[in-house]
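Secondary and tertiary structure notes
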Amino acid sequence: MRPDGSVDLDAAQRVATHLVDAGHDGLVVSGTTGESPTTSADEKDALLRAVLEAVGDRCVVIAGAGSNDTAKSVESVALAQKAGAHAVLAVTPYYNKPPQAGLVAHFTALADASDLPVMVYDIPGRSGIAIARETYLRIAEHERITAVKDARGDLWFASRLMQETGLDWYSGDDGMNLAHFGNGAVGFVGVTSQVAPTAYREMADAVVAGRWDDARAVHRRLAPLVDAVMNVTQGAIMAKAGLAAQGLIDSPTVRLPLVPADEEQTALVRAGISAVG
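The rules behind each value
Residues numbered from 1 in each chain as written. Predicted model: local features only at pLDDT ≥ 70, side-chain atom pairs only at ≥ 80, totals over all residues. Heavy atoms only, no water. UniProt positions renumbered as here; feature names shortened; annotations may be inferred. Helix = DSSP H or I, 4+ residues; strand = E, 2+ residues; numbered from the N terminus. Buried < 20%, exposed > 50% of the residue type's maximum accessible area, 1.4 Å probe, protein only. Contact = heavy atoms within 4.5 Å. Pairing = 2+ DSSP bridges. Axes fitted to C-alpha atoms, helices over the stretch in contact; angles between N-to-C directions. Polar contact = N/O pair within 3.5 Å; in protein donor to acceptor, adjacent residues only side chain to side chain. Salt bridge = Lys/Arg side-chain N within 4 Å of Asp/Glu carboxyl O. Parallel < 35°, antiparallel > 145°, perpendicular 65-115°, else oblique. Left-handed = near helix turned anticlockwise from the far one by under 90°. Nonpolar A, V, L, I, M, F, W, Y, C, P; charged D, E, K, R; others polar.

**What about the UniProt feature "binding site: pyruvate" (unreviewed entry) in the protein?**
Under the present numbering, the feature "binding site: pyruvate" (unreviewed entry) in UniProt falls on Thr33 and Val189. A maximum C-alpha distance of 11.0 Å among these annotated residues, which run over 157 residues, shows that they cluster at one spot. Within the fold, Thr33 resides in the loop between β1 (26-29) and α2 (41-55). A relative accessible area of 13% places Thr33 in the buried class. Aside from chain neighbours lying at most four places away, what touches Thr33 is Arg126, Val191, Gln234, Gly235 and Ala236. Looking at the secondary structure, you find Val189 in the loop between β7 (187-188) and α9 (197-208). When residues no more than four places from it in sequence are discounted, the contact partners of Val189 are Val28, Met119, Lys149, Tyr170, Ser171, Gly172 and Asp174.

**Observations concerning the sheet that holds strand β4 (residues 118-122)**
Within a sheet, adjacent strands bond to each other through the backbone by hydrogen bonds, running parallel or antiparallel. The 7 strands are arranged β1-β2-β3-β4-β5-β6-β7 in an open sheet whose pairing can be described as parallel. Two strands in the sheet have a free side with no partner beyond their single neighbour: β1 and β7. Examined bridge by bridge, β4 and strand β5 (residues 145-150) share 5 bridges and lie parallel to one another. Bridge pairing in β5 links Tyr121 to Lys149. On the sheet, helix α4 (residues 100-112) packs against β3 (87-91), β4 and β5 and is oriented at approximately 165° with respect to β3.

**Examining helix α11 (residues 235-245)**
In terms of burial, α11 is largely enclosed, as 9 of its 11 residues are buried. Those residues of α11 lying buried are Gly235, Ala236, Ile237, Met238, Ala239, Lys240, Ala241, Gly242 and Leu243. Contacts made by the buried residues of α11 are with α1 (9-21), α10 (212-230) and α12 (263-276). At the N-terminal end of α11, a side-chain oxygen is found 2.7 Å from the backbone nitrogen of Ala236, two or three residues along, and the residue is Gln234.

**Some remarks on the pattern of salt bridges**
With the rule as written, the count across this model stands at 15 salt bridges. Of the charged contacts, one joins Arg221 and Glu202 as a salt bridge, the two residues approaching to 3.4 Å between their closest N and O atoms. Pair noted here: Arg221 is in helix α10 and Glu202 is in helix α9, with a separation of 19 residues, a long-range link. The partly exposed category is assigned to Glu202, whose relative accessible area is 38%.

**Here's the deal with the packing of α9 against α10**
Where α9 meets α10, the closest approach of the two axes is 8 Å, and the angle between their N-to-C directions is 155°. Judged by the angle between their axes, α9 and α10 are roughly antiparallel. Crossing handedness for the pair α9 and α10: left-handed. Mapping the contact onto sequence places Ala199, Tyr200, Glu202, Met203, Ala206 and Val207 in α9 and Trp212, Asp214, Ala215, Val218, His219, Arg221, Leu222 and Val226 in α10. Broken down by class, the residue content of the contact of α9 with α10 amounts to 10 nonpolar, 1 polar and 3 charged.

**Describing the UniProt feature "active site" (unreviewed entry) in the protein**
UniProt records the feature "active site" (unreviewed entry) at Tyr121 and Lys149, using the numbering of this structure. In three dimensions, the annotated residues from a span of 29 residues occupy one location, with a maximal C-alpha spread of 4.6 Å. Here Tyr121 lies in strand β4. With relative accessibility at 2%, the residue Tyr121 sits in the buried group. If you trace the backbone, Lys149 turns up in strand β5. Classification of Lys149 by relative accessible area gives buried; the value is 7%. Residues within four places of Lys149 in sequence aside, it is in contact with Leu89, Met119, Val120, Tyr121, Asp122, Tyr170, Ser171, Gly172 and Val189.

**Some thoughts on unusual backbone geometry**
Residue Pro257 is bonded to the preceding Leu256 through a cis peptide linkage, with omega at 15°. Among the structural elements, Pro257 can be located in the loop between α11 and α12. For Tyr95, which is not a glycine, the phi torsion comes out positive at approximately 70°. Relative to the helices and strands, Tyr95 is located in the loop between β3 and α4. For Lys97, which is not a glycine, the phi torsion comes out positive at approximately 45°. Positionally, Lys97 belongs in the loop between β3 and α4.

Given below as C-alpha cells:
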C-alpha cells in the first residue's frame with residue numbers, strides 16, 4: 001500500500017514478479033493473513049487482475065475467497081473466476097462458529113459457484129472451529145475440492161486425513177513446513193516465504209530430491225526469520241517490514257486495526273533475513 005493507505009498495484013506486481021523469479025510456483029492473492037479483511041471487493045478484484053497480468057502465465061494464482069458469510073464468499077468465487085484466477089482458497093468461516101453441517105454446506109456452495117479448484121483452509125486458532133474428520137470425508141467427495149491448507153498443528157490428524165480423503169495437503173503453518181513435508185504434504189502456503197523466497201524454494205527442492213539433511217539445514221536457518229515474522233506481532237505487518245527492508249516495496253503501510261512494525265520489530269526482521277543469508 002502507499003503511505004496514504006491506497007492499494008499500490010504497481011508494487012504488488014513487483015512483489016509477485018520477484019517471488020516467481022525466486023522460485024514460487026504459486027501465489028495467494030488476498031489471503032487471510034494479509035489485508036483482505038480491510039480491502040473492498042473492487043480492490044481485491046483489481047489486485048487479483050494486476051497479479052494475473054504480471055505472473056499469471058508463470059505460476060498458479062489462487063484467490064482468497066472465503067469469509068464467514070457464505071453468500072459473499074460465493075460472490076467472491078464467481079468474481080475470481082471472471083478475473084481469471086486458477087483456484088480459490090476458502091477459509092473456515094470465522095467467529096460465528098457454524099456447526100459441521102454448516103461447514104459442509106458452506107464449502108459445497110463455494111465449490112459449486114465456479115469451475116475452479118478449491119483449497120480448504122483449516123485454521124481453528126483464528127476461525128474458532130476446526131473441520132471435523134467426518135466433514136473432510138464429505139467435502140472430499142466434491143470434484144472441485146482438491147486441497148487443504150492445514151494450520152491446525154496436528155500431524156497425526158493430517159496423516160489420517162491424507163490417507164482417507166486423497167486430498168492434496170499443504171502446510172499452512174510456517175514453523176511446521178518441514179514437518180508437514182515429512183508427513184506427506186505436497187507443499188506449503190506461507191507468509192515468511194515472501195521475504196525469503198529463495199530459501200524456501202531451496203528447502204522444497206531438497207525435499208523433492210530426498211536430500212533431507214539439506215532441507216533440515218535450510219529449515220533451521222530460517223527459524224529466526226519465522227520467529228520474527230510469525231511470533232512477534234501480526235504476520236502481514238512483519239512481512240511488509242521485511243519487504244520494505246529489502247527495497248521491494250516503498251512503504252510498509254498497513255490499514256487499521258493493523259499498525260506498522262516499530263523499530264525493534266523491524267530490526268528483528270532484518271536480523272532474521274541476515275540469518276537466512
